[in-house]
Amino acid sequence: MRKVIFVIGATASGKTYFIDQNYAGRDFDILNVYDYQQRAYTEAGFRESIPFGEEFRCLLKAQNMLLEDIVARLQAGRDVVVEQTFYKAKRRIAYIERIREAVEASIEFYVMCPSDSQWEKNIENRKLDGRFEAFKRNMEDFEFPNPAEGIDQIYEVVDGIITLRMDEPKPEIMERAKEELAKEAERLKAEDDKRRRKKELLESMETRPFWHYCEVCGKKEFVTAQEADDSGWDYPPRRGSFGVLSPRTCGNCCMVGTLYMKILAPGRLPVVLESELTPEELVTWRRIKGEPESLLKESPTQ
Ligand SMILES: [Zn+2]
């Protein structure tokens, strides 16, 4: 029977060292979740910094790439050692289910639980930023693996001492984890749907007629972007971008008198303070912020 060994624990808890000591040079494929994370970031086009919200998706993608790699190697007849963080039962369960479904394998977990003094030393040696308390606080989320998750053997590793630790099975862990996974999948799907609808809407703005409002003379016209451009409108998507402050004027008016000019006035920070706007400017500002949706229906206020 094939074997897959997960070595899990917090940052600097000694996972890599443990793997080097026990599995390097032996007949195991060694995989590390960090490599997959780096690959996911690179593939998504992020090098230095990752926008908030994208990171979660990258990490999830890395998890899936690693999982599929584990399955492929087991199916190819290899035994695998995997370095993972795996704080949450739900992440482990997703892995275990997929592996069990694909191949017959024994699944073992080694959980790095260093003493504070050893852990602090590791952090120091690796010159990691941040206070030790912060590392420890991070660890408060850690859910120690339970046999109910479908793991064959669970070992606790304290400063190199390995002890079998099979806690009392708690089936409710599975229920909760599955609920969490279902909620997560639902949330991601809702986000995807929202993004898709937004993209479709933006594409449709190239061809559909929509309301154009001149913020200087008050003229309004329900025309396409092409028609507006032909008659001299200064309006997104041809000029400027939806939702971003720039002039919104008809062919007869110029920039003078636009909210954009007021905000750009010399000696002022280019920041919109709603309390400093006239009622008319406030209407313009809110409409711009709400673009392109705000241009689909005629606004009764102007
Ligand atoms: Zn005008």
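Please read these numbers as outputs of a predicted model, since none were measured by experiment.

Student: Help me understand the pattern of salt bridges in this model?
Tutor: Opposite charge on two side chains permits pairing when their charged atoms draw close. This model, assessed by the stated rule, comprises 36 salt bridges. Residue R78 pairs with D27 through a salt bridge whose shortest N-O separation is 3.1 Å. One end of the pair, R78, is in the loop between α3 (54–75) and β3 (80–84); the other, D27, is in the loop between α1 (15–23) and β2 (29–32), and 51 residues separate them in sequence. Here E274 ties to R286 by a salt bridge, and the two come within 2.8 Å at their closest N and O atoms. With E274 in the loop between α9 (259–263) and α10 (279–289) and R286 in helix α10, this residue pair connects regions lying 12 residues apart in the sequence. A relative accessible area of 48% means that R286 is categorised as partly exposed.

Student: So what exactly am I meant to see when it comes to the side chain of E149 here?
Tutor: Mapped onto the fold, E149 is located in the loop between α6 (132–138) and β5 (153–158). According to the relative accessible area criterion, E149 is buried, its value standing at 3%. Discounting chain neighbours no more than four positions away, the residues touching E149 are A89, R92, I93, I96, F144, I173 and M174.

Student: Before we go on, may I ask you to explain the coordination of the zinc ion in this structure?
Tutor: Angles at a metal have ideal values that depend on geometry: 109.5 degrees with four tetrahedral donors, 90 or 180 degrees with six octahedral donors. Looking at the zinc ion, the protein donor atoms are C214 (SG), C217 (SG), C250 (SG) and C253 (SG), and they sit 2.3 to 2.4 Å from it. Classification of the site at the zinc ion rests on its 4 donor atoms, whose angles at the metal span 106 to 116°, yielding the label tetrahedral. Each donor residue of the zinc ion lies on the same chain, and together they follow the pattern C-x2-C-x32-C-x2-C. With relative accessibility at 46%, the residue C217 sits in the partly exposed group.

Student: Just checking my understanding: could you explain the packing of aromatic side chains for this structure?
Tutor: What describes a pair of aromatic rings is the distance from one ring centre to the other and the angle between the planes of the rings. Inspection of the entire model under this criterion finds 16 aromatic pairs. A ring pair is formed by Y87 and F142, whose centres lie 5.6 Å apart and whose planes are at 80°; its orientation type is edge-to-face. Of the two residues, Y87 sits in the loop between β3 and α4 (89–102) while F142 sits in the loop between α6 and β5, which places them 55 residues apart along the sequence. Taken together through their ring pairs, the aromatic side chains of F18, Y23, F28, Y110 and Y155 make up a single cluster. If you follow K220 out to its NZ or CZ, it ends over the ring of W211, 5.7 Å from the centre. Between the NZ or CZ atom of R248 and the centre of the ring of Y235, over which it lies, the distance is 5.8 Å.

Student: Whenever I open this one, the pairing of strand β1 (residues 2–8) confuses me. Can you help?
Tutor: Each regular strand carries side chains that alternate between the two faces of the sheet. Along β1, 5 of the 7 residues are buried, which leaves the element largely enclosed by surrounding structure. Note: β1 against strand β4 (residues 105–112), 7 bridges, orientation parallel. Within β4, the position partnered with V7 by the bridge is Y110. Summarising the sheet, β1 and β3 pair through 5 bridges and their orientation is parallel. Residue pairing in the sheet places F6 in a bridge with V82 of β3.

Calculation notes
Each chain has its residues counted from 1, running along the sequence as written. In view of the model being predicted, local features appear only for residues whose pLDDT reaches at least 70, and side-chain atom pairs are presented and counted only at 80 or more, with totals across whole chains, interfaces and linings using the full set of residues. Side-chain metrics rest on all non-hydrogen atoms present in the structure, leaving aside hydrogens and water. Salt bridges, as used here, are contacts in which a Lys or Arg side-chain nitrogen is within 4 Å of a carboxyl oxygen on Asp or Glu. Here a strand is any run of E in DSSP of at least two residues, a helix any run of H or I of at least four, and the numbering for each starts at the N terminus. Accessible area is worked out with a 1.4 Å probe on protein chains only. A residue is then buried under 20% of its type maximum, exposed over 50%, and partly exposed in between. Contacts are assigned to residue pairs with any non-hydrogen atoms lying within 4.5 Å of each other. In this listing, donors mean N, O and S atoms no farther than 2.8 Å from the metal, or 3.2 Å for Na, K and Ca; water is missing from the atoms, so a site can look incomplete. Any site counts as irregular unless it has four donors with all angles between 85 and 135 degrees, making it tetrahedral, or four or six donors with opposite ones more than 155 degrees apart and the rest between 65 and 115, making it square planar or octahedral. Centres within 6.5 Å make a pair out of two Phe, Tyr or Trp rings, where for Trp the six-membered ring is used; the pair is then stacked when the planes are under 30 degrees apart, edge-to-face when over 60, and tilted otherwise. For a Lys NZ or an Arg CZ to count as sitting over a ring, it must be within 6 Å of the ring centre and within 35 degrees of the ring normal. Two strands pair if DSSP finds at least two bridges between them.

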